Amino acid sequence: MEHIRTTKVEQVKLLDRFSTNNKSLTGTLYLTATHLLFIDSHQKETWILHHHIASVEKLALTTSGCPLVIQCKNFRIVHFIVPRERDCHDIYNSLLQLSKQAKYEDLYAFSYNPKQNDSERLQGWQLIDLAEEYKRMGVPNSNWQLSDANREYKICETYPRELYVPRIASKPIIVGSSKFRSKGRFPVLSYYHQDKEAAICRCSQPLSGFSARCLEDEHLLQAISKANPVNRYMYVMDTRPKHRMQSWWDTQKDIGRIIVRISSKIWSDERITESDEKKRLNAMANRAAGKGYENEDNYSNIRFQFVGIENIHVMRSSLQKLLEVNGTKGLSVNDFYSGLESSGWLRHIKAVMDAAIFLAKAIMVENASVLVHCSDGWDRTSQVCSLGSLLLDSYYRTVKGFMVLIEKDWIAFGHKFSERCGHLDGDPKEVSPVFTQFLECVWHLTEQFPQAFEFNEAFLLQIHEHIHSCQFGNFLGNCQKEREELKLKEKTYSLWPFLLDDLKKYLNPIYNSQSQRFTVLEPSTVSFNFKFWRNMYHQFDRTLHPRQSVFNIIMNMNEQNKQLEKDIKELESKIKQCKNKQTDDILTKELLHSIHPESPTLKSSLCFKEQTLLPVNDALRTIEGSNPTDNRYSDYAEEFSKAEPAVVSLEYGVARMTC
Amino acid sequence: MEFSELIRTGRAQAELLRGPEAPPLRGTLCVTSHHLLLSPGTEASPDLWLLLLRSVDSIEKRVAGDSGTITLRCKDLRVLQLDIEGVEATLDIARSIEGLRLGDAWHFHPPERYYQRVARETNAWRLSEVNEDFSLCPSYPRALIVPRSVDDHALARSAGFRQGGRFPVLSYHHAPNGTALLRSSQPLTGPQKRRCAEDEELLRAVLVGARPGARGFIIDTRSAQAAKQARMTGGGTEAKAAYPGWKRLHRPLERGRPLQESFVRLVEACGDLEQSMDRWLSRLEGCRWLEHVKEALSTACLAAQGMEREGACILVHGAEGTDSTLLVTSLAQLILDPLSRTMDGFQELVEREWIQAGHPFQLRCAHSAFSHARPKHEAPTFLLFLDCVWQLGRQFPLSLEFGEGLLLALFEHAYASPFGSFLCNSEKERGLCEVRTRTHSLWSGLNQPKEQRKLRNPLYALNPLAIWPSVEPQSLRLWQGLFLRWTRPPEPSETAWEKVWQIVTDSEKTEGSA
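Definitions and limits used
Residues numbered from 1 in each chain as written. Chains lettered and ligands numbered in written order. Predicted model: local features only at pLDDT ≥ 70, side-chain atom pairs only at ≥ 80, totals over all residues. Heavy atoms only, no water. Helix = DSSP H or I, 4+ residues; strand = E, 2+ residues; numbered from the N terminus. Rg over C-alpha atoms; globule rule 2.2 N^0.38 Å. Buried < 20%, exposed > 50% of the residue type's maximum accessible area, 1.4 Å probe, protein only. Areas by Shrake-Rupley, 256 points an atom, 1.4 Å probe, with all protein chains shown as cover. Lys, Arg positive; Asp, Glu negative; His and termini not counted. Charge placed at Lys NZ, Arg CZ, Asp CG, Glu CD. UniProt positions renumbered as here; feature names shortened; annotations may be inferred. Contact = heavy atoms within 4.5 Å. Domains from an automatic or database assignment. Buried area = accessible area lost by both parts, 1.4 Å probe. Salt bridge = Lys/Arg side-chain N within 4 Å of Asp/Glu carboxyl O. Nonpolar A, V, L, I, M, F, W, Y, C, P; charged D, E, K, R; others polar. Core = buried A, V, L, I, M, F, W, Y, C linked by side-chain atoms within 4.5 Å. Pairing = 2+ DSSP bridges. Axes fitted to C-alpha atoms, helices over the stretch in contact; angles between N-to-C directions.

## A closer look at the overall build of chain B
Here is step 1 of the chain: Looking only at helices and strands, chain B features 19 helices and 14 strands.
Here is step 2 of the chain: A globule of 514 residues ought to have a C-alpha radius of gyration of about 24 Å, and chain B, at 24 Å, matches this closely.
Here is step 3 of the chain: Counting only C-alpha atoms, chain B reaches 75 × 60 × 50 Å along its principal axes.
Here is step 4 of the chain: Going through the 514 residues of chain B one by one, you find that 60% of them count as buried.
Here is step 5 of the chain: Counting every atom, chain B has about 19500 Å² of accessible surface; 51% of that belongs to carbon and sulfur.
Here is step 6 of the chain: Measuring between centres, the 62 positive side-chain charges of chain B sit 6 Å from its 63 negative side-chain charges.

## Considerations on the UniProt feature "binding site: substrate" (unreviewed entry) in chain A
Residues and elements named next belong to chain A.
Here is step 1 of the chain: Per the UniProt record, "binding site: substrate" (unreviewed entry) is found at Asn311, Ile312, Cys374, Ser375, Asp376, Gly377, Trp378, Asp379 and Arg380. Over a stretch of 70 residues, the named residues converge on one spot in the fold, their C-alpha atoms separated by at most 12.2 Å.
Here is step 2 of the chain: Structurally, cysteine 374 is set in the loop between β14 (370–373) and α11 (380–392).
Here is step 3 of the chain: Not counting the four nearest positions on each side in its chain, cysteine 374 is found in contact with Cys203, Ser204, Gln205, Asp238, Thr239, Arg240, Asp379, Arg380 and Thr381.
Here is step 4 of the chain: In this structure, glycine 377 sits in the loop between β14 and α11.
Here is step 5 of the chain: Setting aside residues no more than four positions away along its own chain, glycine 377 makes contact with Arg185, Arg202, Cys203 and Ser204.

## Structural notes on the domain arrangement of chain A
One frequent convention defines the size of an interface as the accessible area lost when the parts assemble.
All names here are of chain A.
Here is step 1 of the chain: Assigned domains of chain A: these are domain 1 (8–100) and domain 2 (125–247 + 287–544).
Here is step 2 of the chain: On a C-alpha basis, the centroid separation for the pair domain 1 and domain 2 is 36 Å.
Here is step 3 of the chain: Taken together, the contact between domain 1 and domain 2 spans 13 residues of the former and 24 residues of the latter.
Here is step 4 of the chain: For the pairing of domain 1 and domain 2, the buried interface totals around 1700 Å² over both sides, and the portion due to carbon and sulfur atoms is 58%.
Here is step 5 of the chain: Remark: the boundary between domain 1 and domain 2 carries zero salt bridges.
Here is step 6 of the chain: Split into classes, the residues belonging to the side of domain 1 that touches domain 2 amount to three nonpolar, six polar and four charged.

## Some points on the environment of leucine 455 of chain B
Here is step 1 of the chain: Tracing the sequence through the fold places leucine 455 of chain B in helix α17 (residues 452–455).
Here is step 2 of the chain: Every residue in contact with leucine 455 of chain B, bar those within four places of it in the chain, is listed here: Met343, Phe402, Gly403, Gly405, Leu406, Ala409 and Leu446 of chain B.

## Focus on the nonpolar core
Here is step 1 of the chain: One finds Phe402 of chain A together with Phe346, Phe385, Leu410 and Phe483 of chain B to be the most contacted residues of the largest nonpolar core, which totals 247 residues.
Here is step 2 of the chain: Top contributing element to this core by residue count: helix α10 (residues 345–364) of chain A, with 13 residues.

## Re the sheet that holds strand β3 (residues 35–39) of chain B
Residues and elements named next belong to chain B.
Here is step 1 of the chain: Taken in spatial order, the seven strands of this open sheet run β4-β3-β2-β1-β7-β6-β5, and their pairing is antiparallel. On the outer flanks of this sheet lie β4 (49–52) and β5 (56–64), each paired with one strand and no other. This sheet shows a mean twist of 30 degrees between the axes of neighbouring strands, independent of strand direction.
Here is step 2 of the chain: In the sheet, strand β1 (residues 11–17) pairs with strand β2 (residues 25–31) via six bridges, with the strands oriented antiparallel. Paired with glutamine 13 across the bridge in β2 is threonine 28.

What follows is the structure, encoded as structure tokens:
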């Protein structure tokens, strides 16, 4: 609380982000230890969690007050005008402090208290059990086993303790391979396809340099391909664009050559024997070369495949561009599409999808195991492995399965959530929307296969909300080891049970779990299947969304159908009972009479009339009916009431009118 | 001329390819007067495959060895390929199709109920039969709704002052506040700045009839510049001084050639399955189709808002008053009037505001996007209207009683139809061609019970409010159901729709039995 100087400011204006005539709501701004709260004159509340704040900006003073623009990680953008500069400055400073915490212990999750006791908390954490998940996949089995090599995080700090490796891969091989791989992230099992007996494995890039090789690593890859009894060859997918790798490779070589040239001069002066010189030159050059990709000559039965997913920096600036375009007031259709194009965002989404499809096809069609890696094996690799498994296995398309998938391929395998989401005040260059892209790919799949997923869009949005909220412990920290050190399971709560409590909100009413067609998804990646995800990037811009929600209606109907069917059955059984008795009329009459006034059927059909809607999901922000002033054309219309100007060109040259 | 003369060969063995998603069909190909038939023989399903010859937009033939290939591009944007055995047979069939697709087939029916509704709501309007013999205005229907206080003589004078005789008539009466939506063509002010007392009186009477002191807005669908230029050729705009109480707004809407080109480019872009993401987005931007959708919707919203919010009367016109004018008036009604959002109401709206109002369907929809012939009157204005309606339906999924199916059906029938509703350019022509006696009406065809499940929106619930759409680019979508109809797998969305239907019917059933 030491950061908060002003807790309440009155007469604050909240500007409409897309209005061209500065429409606003007036209300009171409150600052609490965890939230910023705005209550407008209609008593509507806008809550903003401090951890959601990505940036706060104080604009130049205007006649009406001091503007304060807050951008949130969940893509909410609010624009306040605070009447007094002093208040604005206080709030600005407090928010700067509160939104960027230096220590994990100051995050909301450590103070969030949903009134649960310890055993409930523990149960919540035990909801997702990865050992159980590997068992479901069918491992350990005759080809794959649990390795205890990383039990103490000795080999790889960013991997989980439990890792599954080919049975024939011995510990020395694993240790050797891990030394050859960046950050020690050696090839391990991510998903095992029981029918095809093929595996998805993941690792980081090899430190191969010019010609360096690692026999243990080669052995481990051999072991993976041998663990597949059907197909001897395997794929190694490098998810990085090849052109980038090559240009990088070339510069490394150049640097190497320069070093060689310079050093050979020095050494020739020093007159060192030839053999010595060669050795040292090699070492120098190797060090200069550093990391790369596997040298194809050293690995047999392996097919290399590059799929071009760009790195975290490209993705970050792409999203940045996308948000800039969409934030423009009075955006024209042409500017929107050219902005969408130049941001490259959908191209990147398509690249991730293409990679996942390649992976799924390799397993389904060719029956081959696949090893996926990028640089460190925790960003693009997580995207591709998890999305590929989602295509292959319908379990991951259920609510529970999706949670398991995130726990396995993202949380356990060390996707650096805290750095990528900027939980703490750290290096802004480490922030990147890698997980958001994954969610977007899943959303695209739900659009193409509306019946294949048990959950709906709101579920994805809610998860996105919480990777940034720091309200639950799941996404804190960068790897399992760090999470254990933070004692998250004792000090914080798990998100998943809370999502399950509200399960109704997240279910897809037209989900079809039986259909055979949806066992393996084969999405189309023709460009026009990729659309801008308005409900994500404009979640809070109410006026841009459809004004009526089909989802709620269908969900309600489904619920009511079930209820009514149950009632009918109940009544039928009662009638049967009555008939069976048939003892005397009076009794039946009495019974009917007694059923009637409080008949469940009547009650529920009354419910139907009253349209008792399920709680409308906040994240979807749908409203029934609408108001012309919500939309931007109303801004022209205000010209209706103006005095008669000769020729007026309206803002942004969108419309011109003459009188 | 008998159609049979055009048929050069009766039948041939052929294989039909219908795009990447449908399996090829093999069988005997037959050409009849109106249809192309493929009977798949015994081994496959006994169903005949049928194509209306008038829906063929362009035809290409290629011969190689002893077989030939005919590519048919249809007005509904489908591309079909026929592989035919025998060179002679290929050429004969191609020639037969070529000859027959241009021949005319007929079929029709009408309403004039709208006045009855207006008369129930207000006394300010009357039904005039001044155009009984189409002498005042060849593109208007016989009966028109005009202010009660204006007599037929004055109407005749006003008609003389408007291009093509299209004097201001009532398009929609907004009962909640008594305001009126009118449409006309441009006044013939010309370089001399002519005036017409009767025309001025007519518009004054509109304001008086609505409410004492009511204001009016004239929405000109051309830019101020274009309207000024029109004066040189005898057209122009209403002079401010001559029409007290009326104020003019210019909202330029694309029409004619550029609109057709926009459509052609969009369809081209949608046909390319191999293009990169960047290329697709830049083509989507470059064709400007969604920009036109946005402009049309926001102009309609402006008109609707003028009535609902400002309590003003609105007159819409461009130059001829048969294209963008109708686009704006019909969309504005859809936004304001809950009745026009029902199945019947929408069909009546299309009949009244497009067919009867003299949108020249024959000129505008003779060809579609693939045709090599590019006549200068071609323009997908009606398709733009349907797209805007689809956007409304997406934003208000519970407020329209009809679904995408009806819009697709209207699109198809506007370009090629076994019914007579969209034939000819005006009521006058339809009278001369005896369309009503010799053809069947589309509406009677559509309203058959077996069609309903395809056309209706199962989730419809009457929404008595005006529906104000968002016109931000983020809120507008490409109408995939139309533009990507033949290139994307229809299955998932269709089964999903089927499931929604099932849930709704289940709910009706259980509620009924409960």
